[in-house]
Amino acid sequence: MASQEAKFSVLLNESPFEVRDYEPLVVAQTQVSGDFSEVGKQAFGRLFRYITGHNLSQQKIAMTAPVIQQQESPSQASGDWWVSFIMPAGSQLVDIPQPKDASVHLQEVPAQHMAVIRYSGSWSEASYNGHKRKLVRWLQDKGYQASGEAIWARYNPPFTLWFLRRNEVLIPILMPSVDQ
């Protein structure tokens, strides 16, 4: 059964690159310290417990895609990461059940423009970094300006064969004005 995904419109498609306009959304997120490959595993359990009823309302929340991971301070080789589950489309912060676990936080994310590279394969740090470099080069070639740090998005469960996995690197961007 397919998971609901974050809602967006494609503004530019130059496969494997896209520029997307994302709608506002709500995320449940947790901060984890460690290296790239381990933080997702640590955070997933906390967030999964939250959506399966470990919240003040004991309400189950549908699993959505992608699971997103972003380093708080990219200048560090390891450190603090935010891992987030996107809440179902149309969710409002006031309607989402409050977590029982103090390490799980709810946050509204405003509408934003994202440059994206889509790829399949390994969930390794080397693969992520290689695709991030390609996306940064594409942004520079196109004249886009980043407005935030890179985000890693994973769409499939861990038991999905590596070559069938859908992964993305997203970078928030400023859209050029029509006067330029």
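Our subject in this report is the structure included herewith. (Residues numbered from 1 in each chain as written. Predicted model: local features only at pLDDT ≥ 70, side-chain atom pairs only at ≥ 80, totals over all residues. Heavy atoms only, no water.)

In this section: the side chain of arginine 165. Considering the arrangement of structural elements, one finds arginine 165 in the loop between β11 (151-154) and β12 (166-174). Of the polar contacts made by the side chain of arginine 165, one reaches the backbone oxygen of proline 158; its length is 2.8 Å. Excluding its chain neighbours within four sequence positions, the residues that come into contact with arginine 165 are Tyr119, Ser120, Gly121, Trp123, Asn156, Pro157, Pro158 and Thr160. (Helix = DSSP H or I, 4+ residues; strand = E, 2+ residues; numbered from the N terminus. Polar contact = N/O pair within 3.5 Å; in protein donor to acceptor, adjacent residues only side chain to side chain. Contact = heavy atoms within 4.5 Å.)

Attention now moves to the environment of serine 120. Assignment of secondary structure puts serine 120 in strand β9 (residues 112-120). The exposure class of serine 120 is partly exposed, given its relative accessible area of 46%. Setting aside its immediate chain neighbours within four residues, serine 120 contacts Trp162, Phe163, Arg165 and Asn167. (Buried < 20%, exposed > 50% of the residue type's maximum accessible area, 1.4 Å probe, protein only.)

Our next topic: the nonpolar core. Judged by nonpolar contacts, the single largest core of 34 residues is most densely connected at Tyr50, Met87, Leu135 and Trp138. Those elements giving two or more residues to this core turn out to be β3 (17-22), β4 (25-34), α1 (36-51), β7 (79-86), β8 (104-109), β9, α2 (125-142) and β12. Per-element tally for this core: the top contributor is α1, with six residues. Those residues in contact with tryptophan 138, other than ones at most four positions away along the chain, are Leu12, Glu14, Phe17, Glu18, Val19, Ala115 and Tyr144. (Core = buried A, V, L, I, M, F, W, Y, C linked by side-chain atoms within 4.5 Å.)

This brings us to the packing of aromatic side chains. Each pair of aromatic rings is reported with the distance of its centres and the angle of its planes. In total, this model carries 10 aromatic pairs according to the counting rule given. Positioned over the ring face of tyrosine 155 is arginine 166, at 3.6 Å from the centre of the ring. (Phe/Tyr/Trp six-rings, centres within 6.5 Å; stacked < 30°, edge-to-face > 60°. Lys NZ or Arg CZ within 6 Å of the ring centre and 35° of its normal.)

With that settled, the discussion passes to the pairing of strand β2 (residues 8-14). Relative to β3, β2 runs antiparallel, the two being bridged by six bridges. For valine 10, the partnering residue across the bridge sits in β3 and is arginine 20. (Pairing = 2+ DSSP bridges.)

Right, let's talk about the environment of glutamate 5 for a bit. Mapped onto the elements, glutamate 5 comes out in strand β1 (residues 4-5). A relative accessible area of 31% means that glutamate 5 is categorised as partly exposed. Along the sequence, glutamate 5 and isoleucine 68 sit 63 residues apart, while their C-alpha atoms lie 12 Å from each other. Apart from residues no more than four positions distant in its own chain, glutamate 5 is found in contact with Ala65, Tyr155 and Arg166. Within the local environment of glutamate 5, its side chain forms a polar contact with the side chain of arginine 166, the two groups lying 3.0 Å apart.

This part covers α1. When the terminal C-alpha atoms of α1 are compared, their 23 Å separation across 16 residues agrees well with the 22 Å that a helix rising 1.5 Å per residue should span. Along α1, the sharpest change in direction is near 25° and occurs at phenylalanine 44. For α1, the set of buried residues is Phe36, Val39, Gly40, Ala43, Leu47, Tyr50 and Ile51. Of the surrounding secondary structure, the elements contacted by the buried residues of α1 are β4, β6 (67-71), β7, β8, α2 and β11. Positive backbone phi, approximately 120°, marks glycine 53, located one or two places after α1. (Expected span 1.5 Å × (residues − 1). Bend = angle between axes of the 7 residues up to and from the residue.)

Bringing α2 into the picture now. Its 18 residues give α2 an end-to-end C-alpha distance of 26 Å, which sits within 8% of 26 Å, the value for a rise of 1.5 Å per residue. Here α2 has its buried residues at Ser127, Tyr128, Gly130, His131, Leu135, Trp138 and Leu139. Packed against the buried residues of α2 are β2, β3, α1, β9, β11 and β12. One or two residues past the end of α2 sits glycine 143, with phi positive at roughly 80°.

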